[in-house]
Amino acid sequence: ELARRGREECPPGLVIVSSHVANVFSAACTRIAIGVYSSASASPFFAGGYLLYSSLYAAIGAAVDNETDTQQFLMPIVMLLVVGFYVGFFTSLEDPHGTISKVFSYIPFTSPIVMLIRIPFGVPIWEQALSFAILIFTFVITVWIAAKIYRVGILMYGKKPSYKELIKWLKY
């Protein structure tokens, strides 16, 4: 009935409330659209990072035969993750289009974290594609290295490997 009477006869409070509800609804729809775009762009980086780090951990698992030996090999991987978090949260949030953020977006061990933080700020598609291609290429190389380590490591059961030994294993 209010629509039939026109705006002149509407109570002033109703006009203000309906205007506010429309603004809130519009903002919510915009946030949902941005969230869906960000999720669609960020999901490949999450999956690629998961695959890359799982292949690194698989290489470690192939090289050792007990848990105590894994500690010497886990520290470099954990440090890569810490650097990614540090750059992502302390640099990319403040300046997502800065030089440091862009450089670490192309390093495959830090790009899954840094790009997840940069994408909502509007990263060009070509940067996302290049960073993702580098990430997937590194994943394929890491799986190849893990397979070579596994092939030799399975025969060296009981022997505690070192970094020098792992490099020798890659040559077989």
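About the criteria used
Residues numbered from 1 in each chain as written. Predicted model: local features only at pLDDT ≥ 70, side-chain atom pairs only at ≥ 80, totals over all residues. Heavy atoms only, no water. Axes fitted to C-alpha atoms, helices over the stretch in contact; angles between N-to-C directions. Helix = DSSP H or I, 4+ residues; strand = E, 2+ residues; numbered from the N terminus. Parallel < 35°, antiparallel > 145°, perpendicular 65-115°, else oblique. Contact = heavy atoms within 4.5 Å. Nonpolar A, V, L, I, M, F, W, Y, C, P; charged D, E, K, R; others polar. Salt bridge = Lys/Arg side-chain N within 4 Å of Asp/Glu carboxyl O. Buried < 20%, exposed > 50% of the residue type's maximum accessible area, 1.4 Å probe, protein only.

Caption draft 1: Fine view of the packing of helix α4 (residues 99-106) against helix α6 (residues 125-153). Across the interface, α4 lies against α6 with an axial gap of 8 Å and an inter-helix angle of 40°. The orientation of α4 relative to α6 falls into the category oblique. Contacts between α4 and α6 involve K102, S105 and Y106 from the first element and W126, E127, L130, S131 and I134 from the second. Looking at the contact of α4 with α6, its residues break down into four nonpolar, two polar and two charged.

Caption draft 2: View of the pattern of salt bridges. For the structure on display, the rule yields two salt bridges. We note a salt bridge from E127 to K102, for which the minimum N-O separation is 4.0 Å. With E127 in helix α6 and K102 in helix α4, the pair connects residues that are 25 residues apart, well separated along the chain. Between R118 and E127 there is a salt bridge, with the nearest N and O atoms lying 3.1 Å from each other. With respect to burial, R118 and E127 carry one shared label: buried.

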